[in-house]
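# Per-entry structural report
What follows is each chain in one-letter form.
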Amino acid sequence: MTGREVEDLLRTLAPQVLGILVRRHGHFSACEDAVQEALLAAATRWPGQGAPENPRAWLLTVAGRRLTDEWRSERARRDREVTVALREPAYAAVAPPAESDRSDSDDSLTLLLLCCHPALPRSAQLALTLRAVGGLTTAQIARAFLVPEATMSQRIRRAKQRIEAAGARFVMPSPAERDERLRTVRHVLYLIFNEGYTASSGTELHRAELTGEAIRLTRQLRRALPDDGEVAGLLALMLLTDAHRSARTGPGGELVPLAEQDRDRWDRAAITEGVALVTEALTWSPPGPYQLQAAIAAVHAEAPTARQTDWRQIVALYRVLATLAPNPMVTLNQAAAVAMVDGPRAGLALLAPLDADDRVAGHHRLAAVRAHLLELAGEPAAAREAYLLAARRTTSLPEQRYLELRAARLGEHR
């Protein structure tokens, strides 16, 4: 097997193996550490030796032995403090054979719900989901979020401790609690995708390992919840958005805005799948925020050229979205769409109230959208200042370079 094939297989098996161990033993933190060691052993051996006949059973056995060794070591330490007569039998901590579990068992949904436990802050939910359910190593997650490995290791360790301190059990929550937790799961997967699609900081615009993992995990969630229209909408939104990825950067890695992208470079297979997903979901599911965003992305994707985009339909969808899920980022996108139908002044009027909204007032995107609309309105000096303000506020170098270039071009025409 190639290294890539092994990596893909391990990411699929990681949540299954962890789910079985936690269901057997509890002790999420110890089980997760044991699974990570088993994954590392497999990643080292399988590319050269080939995967075993039953890869999941192999991982369960290796992880189970790691747990047994750890608990025996701890027990030996305690036994030195008590009499031999009170010592537990040596076999008490030995895991049952891997083959004793149902071959079709997959606890990925339960794991996702556990990793998105309300006791955890959002940053911890992101990290723990990628490690426990995604199978990424701590080093990979640290690189993706541009923090030292030691910092990410501490974040993950604290997350596991908080889950155990909260008394979280490895069981499916009640229906009411599950629905609430699912909203968090969908949002965490959405955040993972967004961080990969437009990295919030650093020299790269994309982090393909994060977008790929978000799509994979959302596919997994959809298999577990085929009747959840918002999961279908989220997957459609990811596919339709990621379809632009190869056209979003130029030869030198520079950012290329949607209107200027070469649409022949868009991933048509992803677009076809995404459009079919959201179209089908909207026929039987009440429209939710992810379905509406996917519908907007589908209108963009199906337009032959930027000029032929059905902006009136997009504006109508944004009006529904703004009513259903009011959010300053929705307003930003709505303003840009309204400007294409009713003119830039109408878009600027929608932006004005956001200056008093603490959630977005200092965000680079507000300044960037305002700059774009001011440029369309024929106010180059004001647009240039807004582009420069946006460039100062962003921590993404590709975005910063793009915004500075826009400002420089406006300066040339003064």
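A short tour of the structure in this document, coming up. (Residues numbered from 1 in each chain as written. Predicted model: local features only at pLDDT ≥ 70, side-chain atom pairs only at ≥ 80, totals over all residues. Heavy atoms only, no water.)

So, about the overall build of the chain. The secondary structure content of the chain amounts to 18 helices and 2 strands. C-alpha extents for the chain along the principal axes are approximately 90 × 45 × 45 Å. Burial statistics for the chain: of 414 residues in total, 49% are counted as buried. Carbon together with sulfur atoms contributes 52% to the accessible area of the chain, which is approximately 20,100 Å² in total. Side-chain charges in the chain split into 52 positive and 50 negative, and the spacing between the mean points of these groups amounts to 3 Å. (Helix = DSSP H or I, 4+ residues; strand = E, 2+ residues; numbered from the N terminus. Buried < 20%, exposed > 50% of the residue type's maximum accessible area, 1.4 Å probe, protein only. Areas by Shrake-Rupley, 256 points an atom, 1.4 Å probe, with all protein chains shown as cover. Lys, Arg positive; Asp, Glu negative; His and termini not counted. Charge placed at Lys NZ, Arg CZ, Asp CG, Glu CD.)

What follows covers the pattern of salt bridges. Where charged atoms from two side chains of opposite charge approach closely, those side chains can pair. By the definition in use, this model includes 20 salt bridges. A salt bridge links Asp228 to Arg186, with the shortest nitrogen-to-oxygen separation between them at 3.1 Å. In this pair, Asp228 sits in the loop between helix H9 (208-224) and helix H10 (229-242) while Arg186 sits in helix H8 (residues 175-197), placing the two residues 42 residues apart along the sequence. The class for Asp228 is buried, based on a relative accessible area of 16%. Across the salt bridge formed by Asp242 and Arg245, the nearest N and O atoms sit 2.8 Å from each other. A relative accessible area of 14% places Asp242 in the buried class. Connected through salt bridges with shared partners, the residues Glu7, Arg11, Glu213 and Arg216 form a single ionic network. (Salt bridge = Lys/Arg side-chain N within 4 Å of Asp/Glu carboxyl O.)

Let's shift gears to the packing of aromatic side chains. Under the counting rule described, the total for this entry stands at 3 aromatic pairs. On the numbers, 5.2 Å between centres and 65° between planes, the contact of Trp46 with Trp58 is edge-to-face. Of this pair, Trp46 sits in helix H2 (residues 28-49) while Trp58 sits in helix H3 (residues 55-79), and the two are 12 residues apart along the sequence. Taken together, a centroid distance of 5.4 Å and an interplanar angle of 65° make the contact between Tyr190 and Tyr290 edge-to-face. Here Tyr190 is found in helix H8, whereas its partner Tyr290 is found in helix H12 (residues 289-302), with 100 residues between them in sequence. Here the two residues Tyr190 and Tyr290 agree in accessibility, since each one is buried. One residue, Arg248, lies across the ring of Tyr197, its end atom 3.9 Å from the ring centre. (Phe/Tyr/Trp six-rings, centres within 6.5 Å; stacked < 30°, edge-to-face > 60°. Lys NZ or Arg CZ within 6 Å of the ring centre and 35° of its normal.)

So, on to the environment of His117. With respect to the helices and strands, the residue His117 is situated in the loop between helix H4 (108-115) and helix H5 (122-133). C-alpha of His117 to C-alpha of Ile163: the two residues are 46 residues apart in sequence and 7.2 Å apart in space. When residues no more than four places from it in sequence are discounted, the contact partners of His117 are Gln125, Ile163, Ala166, Ala168 and Arg181. One polar contact links the side chain of His117 to the main-chain amide nitrogen of Ala119, over a distance of 3.0 Å. (Contact = heavy atoms within 4.5 Å. Polar contact = N/O pair within 3.5 Å; in protein donor to acceptor, adjacent residues only side chain to side chain.)

As a further point, take the state of the cysteines. Tallied over the entire structure, the rule returns 0 disulfides. Of all cysteine sulfurs in the structure, the one in Cys116 sits closest to Cys115, which takes part in no disulfide; the separation is 6.6 Å. (Disulfide = S-S within 2.5 Å.)

Next up on the list: the environment of Leu240. Counting through the fold element by element, Leu240 comes out in helix H10. A relative accessible area of 0% means that Leu240 is categorised as buried. Spatially, the C-alpha atom of Leu240 lies 24 Å from that of Thr203, the residues being 37 residues apart in sequence. When residues no more than four places from it in sequence are discounted, the contact partners of Leu240 are Ile271, Gly274, Val275, Ala294, Ala297, Ala298 and Ala301.

Now for the nonpolar core. Counting residues in each nonpolar core, the largest one holds 82 residues, and the members touching the most others are Phe28, Leu59 and Leu221. When near neighbours in sequence (up to four residues on either side) are disregarded, Phe28 contacts Leu18, Val22, Leu111, Leu114, Cys115, Leu128, Ala132, Lys160 and Glu164. If you look at the next biggest cluster of nonpolar residues, it comprises 25 residues, including Leu255, Leu332, Tyr387 and Leu410. (Core = buried A, V, L, I, M, F, W, Y, C linked by side-chain atoms within 4.5 Å.)

Two numbers describe how H8 lies on H9: the axes approach to 7 Å, and their chain directions differ by 155°. Considering their axes alone, H8 and H9 lie roughly antiparallel with respect to each other. Considering how the two elements wind past one another, H8 and H9 form a crossing that is left-handed. Between H8, through Leu182, Val185, Leu189, Ile192, Phe193, Glu195, Gly196 and Tyr197, and H9, the contact on the second element is made entirely by Leu210, Thr211, Ala214, Ile215, Leu217, Thr218 and Leu221. For the contact of H8 with H9, the residue count by class is 11 nonpolar, 3 polar and 1 charged. (Axes fitted to C-alpha atoms, helices over the stretch in contact; angles between N-to-C directions. Parallel < 35°, antiparallel > 145°, perpendicular 65-115°, else oblique. Left-handed = near helix turned anticlockwise from the far one by under 90°. Nonpolar A, V, L, I, M, F, W, Y, C, P; charged D, E, K, R; others polar.)

With 14 residues, helix H13 (residues 311-324) should cover 20 Å at 1.5 Å per step; its first-to-last C-alpha distance of 20 Å lies within 8% of that length. Of all the positions in H13, only Ile314, Val315, Leu317, Tyr318 and Leu321 are classed as buried. Along the axis of H13, the buried positions cluster into a sector of 165°, meaning they face one direction only. Opposite the packed face of H13, turned more than 90 degrees from it, sit the exposed residues Arg312 and Thr323. (Expected span 1.5 Å × (residues − 1). Arc of directions from axis to C-beta.)

On to helix H14 (residues 328-342), then. The terminal C-alpha atoms of H14, which comprises 15 residues, lie 20 Å apart, in line with the 21 Å expected from a rise of 1.5 Å per residue. Looking only at H14, the buried set comprises Pro328, Val330, Thr331, Leu332, Gln334, Ala335, Ala337, Val338 and Ala339. Its buried side turned inward, H14 meets H13, helix H15 (344-351) and helix H16 (364-376). Between the side-chain oxygen of the N-cap and the backbone nitrogen of Met329 there are 2.7 Å, and the N-cap of H14 in question is Asn327. Positive backbone phi, approximately 100°, marks Gly343, located one or two places after H14.

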